[in-house]
Structure formats: C-alpha cells, structure tokens
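A structural walkthrough
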Number of protein chains: 2
Amino acid sequence: MTERKQFRDLVEPEVLSEAIADLDLSPGTESVDLLDADGRVVAERIDAEIDVPGFDRSTKDGYAVKARDTFDASESDPYDAKLVGIVDAGDKPDVEVRAETVVSIATGGSVPPGADAVVPVERTSRRDEAGEDRVSIRTAVAPGDNVMHSGDDVAAGDRAIGPGTVLTTRDIGLLAALGTETVPVYGKPTVGIVSTGDELVRPGEPRDEERGQIYDLNTFAIAAAVRAAGGTPEVVPHITDDYDQMLETLEVVGGRCDLVLSSGSTSASDADVLYRVVEDHGELDLHGVAVKPGRPTIVGEIASTPYIGLPGNPVSALSIFRAFVTPAVRDAAGRPPESVPTVQGTMAAPKRYSEGRTYLLPVAVIEDVSGDVLVYPVDKGSGAITSLTEADGVVEMPPETELLEAGQSVTVDLFSEDTQPPSVLGIGESDPLVARLLDHIDGPRYLSHGSQEGRRRFRDGIPDFAVLTEGDAEAVSGDRLATVTREWGLVVPEGNPHDVSGLSDLADVDSFVNLAENVGLRGAFDTALASHAAEQGDSLADVTARIEGYERTVNGIRSPAQRVANGAADSGVGLRFSAAELAVEFVPISVQELLMVGAPERREKAGVKELQSVIETRLEPLAARLAGYEFQS
Amino acid sequence: MTERKQFRDLVEPEVLSEAIADLDLSPGTESVDLLDADGRVVAERIDAEIDVPGFDRSTKDGYAVKARDTFDASESDPYDAKLVGIVDAGDKPDVEVRAETVVSIATGGSVPPGADAVVPVERTSRRDEAGEDRVSIRTAVAPGDNVMHSGDDVAAGDRAIGPGTVLTTRDIGLLAALGTETVPVYGKPTVGIVSTGDELVRPGEPRDEERGQIYDLNTFAIAAAVRAAGGTPEVVPHITDDYDQMLETLEVVGGRCDLVLSSGSTSASDADVLYRVVEDHGELDLHGVAVKPGRPTIVGEIASTPYIGLPGNPVSALSIFRAFVTPAVRDAAGRPPESVPTVQGTMAAPKRYSEGRTYLLPVAVIEDVSGDVLVYPVDKGSGAITSLTEADGVVEMPPETELLEAGQSVTVDLFSEDTQPPSVLGIGESDPLVARLLDHIDGPRYLSHGSQEGRRRFRDGIPDFAVLTEGDAEAVSGDRLATVTREWGLVVPEGNPHDVSGLSDLADVDSFVNLAENVGLRGAFDTALASHAAEQGDSLADVTARIEGYERTVNGIRSPAQRVANGAADSGVGLRFSAAELAVEFVPISVQELLMVGAPERREKAGVKELQSVIETRLEPLAARLAGYEFQS
C-alpha cells in the first residue's frame, strides 16, 4: 500500500465556477420542427417575412359592402341590395362589389374588390324577389368595420421573436401564423454520465448486502438534473474502479458528448483511480474545492471534451451539480441563469460547523400558522439521499460562520422554483397506517425518524404533528388528534422452523434481528421482555443475553421482517401488518398504542385542518382494512 | 342558401367547466423506467422495501476499530494495533476486528464484524514493523463514529414518495437508492388535434393570398398547450369543411385518443358543418358559452371518446383551452390545478365592453420605475395571434362590468408562471435597425404599431421608449436617446422593367403598393409626393390619382417590397435595406430621420438603462453594417 494522497490547495468556490464557465459545452444551434419547438430557446431573431393576414379578411359572417352605400341605412329604412356572390373562407372572390350590390361573406373570407366593410348577418335579412336574391342591410357601417386588413396582425418586416426567447404556446402560434416550418434554436448539450464504484448495482438488480453493495443512484439523479438544466443526458452503465475500464469508457463517452460527467472515485484514497486516468490521458485543471459537501471535485478534459468529476456521495454530487454545473449547462443551452427562489426564515435549532470551508447546509422549511417560516437543518451526511429529499434548499454558511443560532434569521436558497413548503409536517414513528392516511392529503411531509425523535422535535416546535407511542405522547402537551393500536409480535419464516410461540423461544433461535432504540416499537418489545423476565424470576439482562442477535439492530419498522423474508435472519420483531405483507409467519405478542399529537399553536393552519378532516373521515375505515390495526379515538 | 342558425341558450362559463370536468379523459396509470420518470406524477404511494444502506457503511477512508479500544488514544499516546485486513467499497469483509487489530476501510466499505467505529486516515499513521503492518491511532472515537448504520438513510417500511408527487431530481435519486426500476405514474392523456377550415395551409407550404389562405396555427399552438398541460398531442393534418372528411377524421382520431379537440367550424354559418357531424354521429352536450372570446364552443362525444370543439379564431381557441381544457388535461394527468399567478395593476387606458358576456380581456403589463404595474388592453381581435403574443394575461370583465376606467385597479391573471413583465417596452415605427438593437437586451418587448401609435401611447405614459419619425418626435417631450437616418425610395422588380427612376415614373406603373397611414414611412412618401407635385405645378391629389394602387395600402415596412419580390406588384415604397434583403431593385428618393425617445420618468428603470448602454455601444456599428442607415447621435 502506498502513502495515501491528501488534498492540498483546495480552491475557493468562485474559482470552481470560473473553471467550469471556461469549459465550452455549447452544442451550437440546430433547426427543429415547429411541432417540437415549444420550450426550446430561439437562437436568432425571427422577423416576419409575410403579412398576417395576407389579405383583407372578414371577421364576421355577413355581407361585404361599400361602406358609403350604408351610411343612411337604419332599422326603419334599410339599404336594399342585390346579392351577387358568395365568398367562403378559402375562396378567391370572383366578383366585385359595386353600388347596390353585396356579396355574402363568411368569417375568414377574403373581402372582395370594391368592398371596404362587412355588415354582420344579424343586422340583415334576405329574401327572394322574383328569382333574385336580395339583402336588406339594417345598419350603417364605416369603412374597415369587421375587416382585418392585410398585415393588421403581423406586418412583414416586424420583429416577431427575439433571440433567447423560450418558446411558449403563444409564440408557437405566432410562428405558425408566419408560415414557419422549422425554428433555429440552441442545441441541448449532450452530457455523458459515468458513475463509478465497485459497490454499485443498477436499480432493479439484486443487491448483495454482505458485499456492501448499494444502488447506483447518481446516474439516475444526475440524468434528471441534466434534463432539468436543459441538457440531454447520455447514460452508460456504471463501471468499476478499474483504470482501463475507466479510460475506455471516458474516451468513448467523451467522443460523443459535449460534456463528460463522472461521479465517484474522485477522492484521494488508494482505491480511487479516476483522477489518475484524467491526469494521464486528459487534462486535470482543478482538483478539490473548499466547499462542503463536494470537496473532491475535478475539472479538466478527456478525449478533447470538457470533463467534470463529481464526488461519489450523492449529496455532494447533486449539490455540486446544482451550484456549479447547472449554470454551465443552462448557458450552453441558451437559457438565462436560473433565478433561484429564496425564502427568509428563522432557525428552529442551532447548527455548528467549523471546518473552514463554505458549507451548503441542507435545510427544510415549515410554515407556522401565520406563514412565518421555520428553518431546520437536515443533515444525515453526504452519503444519505434523504439529506436532500427531506430538505427544501440550502443555507450557505461561509467559512468564517461557525454557528447558526436558534432563532437567527437566515436566507434559504430553495432547490427549485417549484419547491413548496409541505402542507403539513409530521415527525415520529414509522407506521403503515399513517403512511396510508397521508395519501389523502396534498403535499404532506412525514419524517419517519421514530417516536423518540418525534417527541424531541415536537418539543422544539418544528412539526405540525407527531406520531408517538404512549410514553412519548404522555411526555408532551399537544392536541390528541387520533389514537390507534397496532398488533406486534415475532416474525419467523414460513413454516416456523424453530417453533417459536412466544418470547421464551427466542433463546433457541440462531439469528434474531432487533429494532434500533429510536424505533418506538423497540420500547414495547423491551417492556414485554422485562415482564417476561420478571415472570421467570430472571433479570432482563440475562434474558436478552440469551437472544442471539438482540444487539443486532435495524432502523426500519419492516426491516426485521424483511430480513426474515430474505432468509438473512430466522426471527425478528415486527408488526402483524408487515408479516402479512411479506408473507412470513407472525407470532402475536401484544398491541401498542400509537397517538397522533397536534401542535396547539398550528391548529388553524390549513394543512392541519385538512389532516384533521382526513383523520375524521378516513382513519377508522383505513384501520379496519389493515391487518392488526384498531381505531380507538 | 338556408336560413342561418343563430346561437341560443349560451351557457355560463361555470356550466362549461362542469361539462368538461364530467368528461373522462383519464388514460389510467402506467409504469415508466426510472430514467424517464423525472417530471412525471406518481400514481401510488411508494414505501421503502429495503434498508438504505443495507449494511453498516463507513463514511470515511480510515480504519475500522472497536471504539472502546481507542478510548485512551491521543496524539502523544496513540493506540497501536495490527492491520489484519482491507475492505474496499464493494468488498465482503473477510476478517473480524478483535482487540489490538484494525482493518483498513474505504469510504463506502462495509464495517467488518467486531468493529463499531471508523478512525479517519488523517488521524492515523502506518508503518512496517518486522514485516508486520501496524497502525497508530492518534484519536479516540465513540461507537458509531463515521459509520452510517443499516437503514439510517431510509428504513424498510418508511413512506418514501406519496401519490401525486411530481418527481424531481432528488426523488429520482431516492427511488434509485431504493432499487426501483420502474415507477407507477399517471399516464399522459393523448389529445387528438383536428383543425378544420378550407382556408388553412400548413406552415412551410405556399400560401395563396388571393384565395384568402392563412397558415394553420391552431394545430401547432394547441399541441404546445396540450404538452404544457401534461398531455401528449396527437396531430393530424388539418382538414377542410367537408362533412364526410370531418366524420372520418374525427372517428379515426377518436379511436386512438383520450380526448378529441377540434378547432374551427363551430359557428353556425352555413359553411360550418362540424357541429352537425357531432350531432349526427356522436353526442352534442353543449354548444355555445357566454364568454368572449370563445362563444362557439362544443362539448360532446365522438367515437365514444370525449370531444371538445374549439372555435377557429386562435385567440378564442387558446383562451378556451387555457381556461377550460387545461384544468381537465392536468387533472387527467394527475397534476394539481395550475396555480395561476396574478398581478395587481392600474389600467393605463379605459376599456369598454357591453355585450353581456364575460370578457376575458387580453392585457399586457409594464412596470414603472418603482415596480408598480400599468395594465393596457391588447385587443386586435380574436383572429389576431398578436392579441395573445403581445399580452401577458387577461383581466376578467364580468357581464355586468361595462367599463374599466383608466387608473382603475385590476387583477391580471397571467398566462403562466413564467410570464414576466418585459424588461423594457418600446412602441413605434417598425424598423430593422431597432429590431437588431433589441437583440442585445434580455426580455424586451417592441410593438411595431407605427410612429403615430407610438406617439399616442407614449403620451399615455405606457411605453418606456418610442421610435418616432421626426414630426411625431417633435410632438412629444422625452429624452432623445438616439437618432438615425434610413434611406427610402421605390422598390421595383429586378431589371426595373418599367424603368422607374423617380416619383414621376409612378404614373406609368400598373400596380403600385403603398404603405398604410399609420406607418411613419408613408408620411415621408406623401411629403416627397407633395414637393414633387409642387415642383410640377400640380396638385397632390392629381399626382396620387395617377398612381395605380396609391390607395392599395399595406401595414408592413417591408410589405410593399415583399409584394414586388413575389410578383404581386410592380412597384412600392420601401427602405433601401428591405430592397437589399429581398434582392429587388431600389430607386432612392430620400432619407428619413428616426428617433428613439425615452420616457423621462422611467430613466432609472433597469431595462431603460440597459437600453441606453446598448445604444451607446452597439447602435453606431450596427447602423454602419445595415444598407441605407446612418447613425446621427
């Protein structure tokens, strides 16, 4: 093993921005069919080359007349004229309008020679007089009445669409009216996406947990981010950390893209070879930036194509993409810089950071009843995608800011223009019934961080409601919105091979899976174990020591059952509901009360009222349909 | 000819909304590949089925240890241990960590059995001691340090994505992390688009102006509107007003779409047969709505498929689409109702309307220097696409409101969330140099309504600047931003077949094309003709009477030259620039001054400052490159 390389000379974020702005990602302009042009960016000014309409056009169904012949016409003394022709839309007028004659004309018809106005049909009547069609005009019209003159809509030579216009429905209509078949637009830069890592598995394929495999999320998320920025993603299957495979893939992708983006393998440990590939066969302009998340970012060139190496951690990769790559892709696609919406709020909890780099702190926002915004950090680490999905934006902490205090006012850069604060925010126990209940609300957010964490956050005044087990619910003061019970017990493989019928049998199983202490159901399990120990005249410690795997804990309410179903464990603690869903056997132990507790000061918030109404109408029937649940109140 | 049918029983807009809401356009749900899922709407809740990560994962490069072994370690007194193995990301740990041993681990590696923490490589050093790898740990770590436990990111059973979620980059990342290969989403309703009209021509094909042909714009604009609402447009070539062709087309399209939309042929004149087709072979639920624009709208069914017949006028068709069809398509696509942004402003000019229907008045907005919004009607009629492209939204005038007064406060429903007031608004003479100058500004709007109209609107306080000929400029007080001259004269076909060398020769041409009086260049032409008449001792009336076509006027600065180029006229008035561009011959007559005049009270507006800076840097070089132009000041 060689000495591990350390990062030196991290550049400031501005230097990274400039290095990326210096890359030429532009695919040039292209010509697209008008039918496919909406949403595209016009590359050059389009002037009208024709008049619209190209003729004097009737805007009504009626009769084309010489206006001066009607000047004396009235209801009581109509102007009487002979009908000498008909012009429908699309007809070439074949007759001239002279004194005492009119021509029937449809909306859109070409006003015939001699006529200079149209009388609407409603102000006329028609009769047959000795085999001759005659029309009575009961109103006077002025020259030009009900006629759209040639070029009245758009005149030849007018500036129609400026360069840089993002084409809307209305612009498309204008271009069609001008007879435009194809439109010159900025091309969409093609961005090749190469995820690297020996541990990656493509979604949909089996994941080997023992080998520490994870699903390749960067490829998919970055492809979506490229599209959102106006580029076209070019996705290749992820590759391993192998020098030759990396070189070949990067060169192939570089040969057909405007930009190559990799993720992973950019840090300096001995397993990370990507930066050496770029150093050896391309150009390495920059390696390492003083920003968190995202330090190990590379900028350079490979296969004569601009290259950016993103970190492998998804939060780092997506944060660097959003802050530094999006502007470059937008620019290459002819789009104006994104106007990042911001929101002002106050920190609901303090946040410390003192590594001397700029920190783009992921945060989420929640509105109180008066619409004021509370901001709370969401920081599960750079490796956790939920650091992004549970967040709404970032607060920038410059290197010299080591502390954001609770109550301090901060500016949140929201992730996108569509980012909305959740209608209602809940924190607490993971629960299938609660998950289903929330399906009936628009735009809720629920953080399944467990009952304990729900209690803590509820006390901090963050969520609108918490989902708590009985003990936690007693420890807070709030509105009891609802109470349900859920049945729990032991989950075992089909056929119950170890003949587990109760807690005492756990001493006989080979591999039990427990829940982590932050899960409320773990509390119920420990309480039951303690009673069981007392009944046996045993200590709790002795009982748990006999359970092989009591210390092996997982976080998810369904995780132990999942491991039993997978064959990775032969027993675990779980809900009757999970056992039924996963078709494993269930040994009932007890029921647990679960309470939804509302923050009294948020009672009048629209989302909370919606939640209350959904609880009233939906909770009881939902509980009745779910195995092991009972609605209490 | 039969008696023309009149509309009776127009329904109120709410009834139309309900009738359209009653149609079932839903295409159901579908499953899409994760790579194509961004921007789609999730059809059902997705819960996590696995733990993410699925194992205890190192978040640092370093050494996996039993934390309690490091409790006494410090810089001066390190904990010394034997290196017994290496775990890279993707490796299955093959060794257990016991007392006095450590395992090298990479970021993302699976923490080996026995270890419960990772010491970062920076706080360690490694050496070879008698052939044995040994590591000095210079810091204490606590259990769990630098380890992400199984399920810490997402735990099995957690609610991951709720139904109705519009998938963002971050959601795609989460779904990938969960191993999701395909996503259940709402289908996009397929909307068949059938434009009807004998006068229609497809863009790109030649247009016969004598037959009163116009380009089919509805097909293209409605397709874009369908896409914007979340549907998939299915476009067929436009058809004529022929009963059998309509029937066949509607039935074919109906057979493969979730909704059939037609435009045109919905009014009650004898040429309009569409509603009879629907009445005879489908179901006609509703015909006619009390709203302007858009009265002749049809709702029904054809080929057992929901059917909406939009009016043929583009403003009517697109207004009805936006107000009534968009909500239905969005709903069928699983999207929430559009939040139509509004802006409050004051009317810059009065607007009267008294036809007893709800009027969705197209308006445009302009900000004054303090950001207050002025609203002015844009109403060139339902047949003019510029009634929409020059507008930013609509003001709803209920039937009982007959007048909006100047200065009155109104609410504008903007067309879309992306609608922005123009950075700078100019009104006045159509001019190729001005058109090019504006290319250097982001988001300008220029209305080529002619010098006279520019003067009038400038006096009303609407535009930021006006482009005026000399006489109009003298009549207003404003900032003289720039003055240029443009050369004008007579345009004649190549080879100058009538040997036109000056104004007197116009008496000899067969078909002259003049400019309309609202065009500033027409004033210069008439002034020149008057001097010419005076020189000849003639009256102006006599001179103009001798010009065959003097009364035949068009609106566009380039229109006469265009007609000469097309062979539709043998002479016209125009700019040297237009003649050069269209490769027709030019007989110079004179030069005309054109002034850009700024509104003094808008001097400090950002867009006006940008305009001034662009005038300073760009106008003179641009003028030097354009045939016939000279920069003056």
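Evaluation of the coordinates by the stated rule reveals 72 salt bridges over all chains. The salt bridge partner of Glu132(B) is Lys82(B), with a shortest N-O separation of 4.0 Å. One end of the pair, Glu132(B), is in strand β9 (residues 132-137); the other, Lys82(B), is in strand β5 (residues 79-87), and 50 residues separate them in sequence. Under the relative-accessibility criterion, Glu132(B) is labelled partly exposed at 28%. Connected via shared salt-bridge partners are Asp80(A), Lys82(A), Arg127(A), Glu129(A), Glu132(A) and Arg134(A).

Another point: empty space enclosed by the protein. A water-sized probe, rolled over the atoms, reveals where empty space remains. Enumeration over the complete set of coordinates arrives at nine cavities of 30 Å³ or more. Quantified by volume, the largest cavity comes out at close to 70 Å³. Forming the walls of the largest cavity are Asp47(A), Ala48(A), Gly157(A), Pro432(B), Arg436(B), Ile557(B), Arg558(B), Phe577(B), Ser578(B) and Glu581(B). For the lining of the largest cavity, the secondary-structure elements that each account for two or more residues are α8 (432-437) and α14 (576-582) of chain B.

All names here are of chain A. Here chain A averages 92 in pLDDT, while 98% of its residues score no lower than 70. Every residue in residues 1-7 is under pLDDT 50, and counting partners more than four places away or in other chains gives 19 contacts. Here the predicted complex carries an ipTM of 0.92, next to a pTM of 0.92.

Moving on, we come to the packing of aromatic side chains. Residues and elements named next belong to chain A. Scanning all chains against the criterion turns up 10 aromatic pairs over all chains. Judged by centre distance (6.3 Å) and plane angle (90°), the ring pair of Trp488 and Phe525 falls under edge-to-face. Pair noted here: Trp488 is in strand β32 (residues 479-492) and Phe525 is in helix α11 (residues 520-536), with a separation of 37 residues, a long-range link. Overall, the relative accessible area of 0% leaves Phe525 in the buried class. Here the basic side chain of Lys292 rests over the ring of Tyr359, its NZ or CZ set 5.2 Å away from the ring centre.

Let us look at the interface of chain B and chain A. Tallying the contact residues gives 109 residues for chain B and 110 residues for chain A. Regarding the contact of chain B and chain A, the summed buried area is about 9,100 Å², with carbon and sulfur atoms giving 51% of it. Counting across the interface, chain B meets chain A through 10 salt bridges. The salt bridge partner of Asp38(A) is Arg227(B), with a shortest N-O separation of 2.8 Å. For the pair chain B and chain A, the interface holds 52 residue pairs in polar contact (both at pLDDT 80 or more). Breaking the side of chain B that touches chain A down by element, the ones donating at least two residues are β6 (101-105), α2 (169-177), β15 (214-215), α3 (218-228), α7 (386-389), α8 and α13 (559-566) of chain B. Residue composition of the side of chain B that touches chain A, grouped by class: 45 nonpolar, 30 polar and 34 charged.

What follows is about the relation of the copies chain B and chain A. The transformation that overlays chain B on chain A combines an axial shift of 0.0 Å with a rotation of 180°, and the residual RMSD is 0.1 Å. Such a combination of turn and shift is consistent with a two-fold rotation axis. No C-alpha of chain B lies nearer the rotation axis than that of Glu417(B), which sits 4.9 Å from it. Taken together, the interface assignments show that 100% of the residues at the interface of chain B recur at the interface of chain A, consistent with an identical surface on both copies.

Let's shift gears to the side chain of Thr386(A). Structurally, the position occupied by Thr386(A) is in helix α7 (residues 386-389). A polar atom in the side chain of Thr386(A) sits 2.4 Å from the side chain of Asp153(B). Not counting residues up to four positions away in its chain, the partners in contact with Thr386(A) are Val378(A), Lys380(A), Ala391(A), Asp153(B), Val154(B) and Leu174(B).

Below, the discussion takes up the sheet that holds strand β6 (residues 101-105) of chain A. All names here are of chain A. On the basis of which strands lie adjacent, the open sheet formed by six strands has the order β7-β4-β6-β5-β9-β8 and mixed pairing. A single partner strand is all that each edge strand has here, and the edge strands are β7 (117-120) and β8 (124-129). Averaged over all adjacent pairs, the angle separating strand axes in this sheet is 40°, with direction ignored. Bridge count between strand β5 (residues 79-87) and β6: five bridges; the pairing is parallel. In the strand pairing of β6, Ile86 is matched with Ser104.

Residue and element names in this part refer to chain B. Burial analysis of strand β21 (residues 305-310) places six of its six residues in the buried class, the great majority of the element. Here β21 shows a buried face lined by Thr305, Tyr307 and Gly309 and a second buried face lined by Pro306, Ile308 and Leu310. Bridge count between strand β17 (residues 259-263) and β21: four bridges; the pairing is parallel. Paired with Val260 across the strands is Tyr307, a residue of β21. By the bridge criterion, five bridges tie strand β20 (residues 298-302) to β21 in an arrangement that is antiparallel. Residue pairing in the sheet places Ile302 in a bridge with Thr305 of β21.

Next up on the list: the packing of helix α1 (residues 13-21) of chain A against helix α6 (residues 314-332) of chain A. Residue and element names in this part refer to chain A. With their axes 9 Å apart at the nearest point, α1 and α6 run at an angle of 35° to one another. Handedness of the crossing formed by α1 with α6: right-handed. Packed against α1, whose contacting residues are Pro13, Leu16, Ser17 and Ile20, the element α6 presents Ile320, Phe324 and Ala328 at the interface. Residues that form the contact of α1 with α6 fall into these classes: six nonpolar, one polar and no charged.

This brings us to the environment of Asp464(B). Residues and elements named next belong to chain B. Within the fold, Asp464 resides in the loop between α9 (451-459) and β31 (465-469). On the basis of relative accessibility, which here comes to 0%, the residue Asp464 falls in the buried class. Taking the C-alpha atoms as reference points, Asp464 and Asp47, separated by 417 residues in sequence, lie 55 Å from one another. Other than its neighbours up to four places away in sequence, Asp464 contacts Ile366, Glu367, Ser423, Val424, Leu425, Phe458, Val597, Gly598, Ala599, Arg602, Lys605 and Val608. Here Lys605 takes part through its side chain, which lies 3.1 Å from a polar atom of the side chain of Asp464.

Rules behind the numbers
- Residues numbered from 1 in each chain as written.
- Chains lettered and ligands numbered in written order.
- Predicted model: local features only at pLDDT ≥ 70, side-chain atom pairs only at ≥ 80, totals over all residues.
- Heavy atoms only, no water.
- Salt bridge = Lys/Arg side-chain N within 4 Å of Asp/Glu carboxyl O.
- Helix = DSSP H or I, 4+ residues; strand = E, 2+ residues; numbered from the N terminus.
- Buried < 20%, exposed > 50% of the residue type's maximum accessible area, 1.4 Å probe, protein only.
- 1 Å grid on protein atoms, 1.4 Å probe; cavity = no way out; pocket = protein on both sides within 12 Å on 5 of 7 lines; lining within 4 Å.
- Points joined across faces, edges and corners; volume = space filled by probe spheres on them.
- pLDDT = per-residue confidence, 0-100.
- Contact = heavy atoms within 4.5 Å.
- Phe/Tyr/Trp six-rings, centres within 6.5 Å; stacked < 30°, edge-to-face > 60°.
- Lys NZ or Arg CZ within 6 Å of the ring centre and 35° of its normal.
- Buried area = accessible area lost by both parts, 1.4 Å probe.
- Polar contact = N/O pair within 3.5 Å; in protein donor to acceptor, adjacent residues only side chain to side chain.
- Nonpolar A, V, L, I, M, F, W, Y, C, P; charged D, E, K, R; others polar.
- Least-squares fit on C-alpha atoms with pLDDT ≥ 70 in both.
- Pairing = 2+ DSSP bridges.
- Axes fitted to C-alpha atoms, helices over the stretch in contact; angles between N-to-C directions.
- Left-handed = near helix turned anticlockwise from the far one by under 90°.

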